[in-house]
Amino acid sequence: MSKNKKNVGIIVMIVIIAIIALVGIIALILNNIFSDKIREKPGEELGYDIFIGDENMEVTTAAEEGRNLIEELKAVNVTYKDAKAWLKVPGTTIDYPIFQSTDNTRYYRNDRDDVTQDWGETFIDYRCDMSKISELMANIIIYGHNTETDNRFTPLLNYKREEFYKKHKYIELATVDGINKYEIFSVYSTDTKFYYIDTQFESLSEYDNFISSLVKKSRYSTGVEVSSTDAILTLSTCDYSIKDGRFVVQARLVKNP
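Residues numbered from 1 in each chain as written. Predicted model: local features only at pLDDT ≥ 70, side-chain atom pairs only at ≥ 80, totals over all residues. Heavy atoms only, no water.

## Here's the deal with the packing of aromatic side chains
One pass over the full model with this rule turns up 11 aromatic pairs. A ring pair is formed by tyrosine 165 and tyrosine 220, whose centres lie 5.5 Å apart and whose planes are at 40°; its orientation type is tilted. Separated by 55 residues along the polypeptide, tyrosine 165 in helix 4 (residues 162-167) and tyrosine 220 in the loop between helix 5 (204-217) and strand 7 (232-238) bring together distant segments of the chain. In this pair, the class of tyrosine 165 matches that of tyrosine 220, namely buried. Each ring, one from phenylalanine 194 and one from tyrosine 196, has its centre 6.5 Å from the other, and the planes form 25°; the classification is stacked. Above the ring of phenylalanine 194, the side-chain terminus of lysine 217 is found at 4.6 Å from the ring centroid. (Phe/Tyr/Trp six-rings, centres within 6.5 Å; stacked < 30°, edge-to-face > 60°. Helix = DSSP H or I, 4+ residues; strand = E, 2+ residues; numbered from the N terminus. Buried < 20%, exposed > 50% of the residue type's maximum accessible area, 1.4 Å probe, protein only. Lys NZ or Arg CZ within 6 Å of the ring centre and 35° of its normal.)

## Quick look at the nonpolar core
Leu87, Ile142, Tyr159, Ile171, Leu173, Leu235 and Val249 are the most contacted members of the largest nonpolar core, which totals 57 residues. Leaving out residues up to four positions away in the same chain, leucine 87 has contacts with Ile94, Asp95, Tyr96, Ile98, Ile142, Phe153, Ile171, Glu172, Leu173 and Leu235. (Core = buried A, V, L, I, M, F, W, Y, C linked by side-chain atoms within 4.5 Å. Contact = heavy atoms within 4.5 Å.)

## Observations regarding the environment of alanine 138
In this structure, alanine 138 sits in the loop between strand 3 (123-124) and strand 4 (139-143). Alanine 138 gets classed as buried once you look at its relative accessible area, which sits at 8%. Each C-alpha atom of the pair alanine 138 and aspartate 230 lies 8.0 Å from the other, and the pair is 92 residues apart in sequence. Once residues lying within four places of it in the same chain are set aside, the contact partners of alanine 138 are Lys132, Ile133, Tyr207, Ala231 and Ile232.

## Observations concerning the pairing of strand 6 (residues 178-191)
In terms of residue burial, strand 6 counts as a mostly covered element, since 10 of its 14 residues are buried. Where strand 5 (residues 170-175) lies against strand 6, six bridges are found, and the strand directions are antiparallel. Across the sheet, the residue bridging to tyrosine 170 is glutamate 183, located in strand 6. Here strand 5 folds back onto strand 6, and the loop between the two strands holds two residues. Pairing analysis gives nine bridges linking strand 6 to strand 8 (residues 245-253), with the strands arranged antiparallel. Paired with glutamate 183 across the bridge in strand 8 is arginine 252. (Pairing = 2+ DSSP bridges.)

## Quick look at helix 3 (residues 69-79)
Restricting attention to buried positions, one finds in helix 3 the residues Leu69, Ile70, Leu73, Val76 and Asn77. What you see down the axis of helix 3 is that its buried residues fit within an arc of 130°, all on one side. Exposed side chains of helix 3 directed beyond 90 degrees from the buried face belong to Ala75, Val78 and Thr79. (Arc of directions from axis to C-beta.)

## Focus: the confidence of the model for the protein chain
Here the protein chain shows a mean pLDDT of 83. Residues at 70 or above account for 76%. In the model, residues 29-48 has pLDDT below 50 throughout and makes 16 contacts with residues more than four positions away in sequence or in other chains. (pLDDT = per-residue confidence, 0-100.)

## Topic: the pattern of salt bridges
Here the structure, examined in full by the defined rule, presents 14 salt bridges. Between aspartate 114 and arginine 106 there is a salt bridge, and its shortest N-O distance comes to 3.5 Å. Aspartate 230 is the salt-bridge partner of lysine 255, the closest N and O atoms lying 2.5 Å from each other. Residue lysine 255 is found in the segment after strand 8, and its partner aspartate 230 is found in the loop between helix 5 and strand 7; the two are separated by 25 residues along the sequence. The exposure class of aspartate 230 is buried, given its relative accessible area of 4%. (Salt bridge = Lys/Arg side-chain N within 4 Å of Asp/Glu carboxyl O.)

Printed below as a string of structure tokens:
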């Protein structure tokens, strides 16, 4: 075999190996992209605006049910120290402990036992101080996945319908210090460009402007008066009907008389 033919053979072999490697890399990238889409958007194969939740559930409070959410939370906290609150949204299956870590990644894809799973846990933004939920300019933010089943925060989508809101206006959030009642004042879909998860405000004026922007976003008028003197609760999940979508339910802390 001549030297030229030998060189050509080597070059051809190198090109073939390079092509195979390139195809492998492209296949890996595509697989990761589509895997993420499947993990992040399971609702797409079901339809965008599917509402999930037992609308026939009786709207009751923990006290009326004879339950003690504080004790239920404490019982979970014995084993799981990150269990910082118990969230109850009457009329839905949202009735369980909520966790908080030192960042927002711990419970995003991991459950309370640190086992990796698509839906993780419903969790509180790490920036929120749960000992100061009733103080001025407090915005307690809780995140939960929108799944293909009736768990996590999927039932929040029922609030897209005003008639559902009218029957389920209040939310309970218990901590070891007491049970807090919140009244919903704004319900809306948005994208990640709207920063509704702010927790730091330099003045009451800035906070008041923030509150006003939330009220204006609501898909229907709740008639609930809210101002810079109110502490608020934000429940956030994905909304697959829009790109980078979020569905948000926000409520003001009901002050004790």
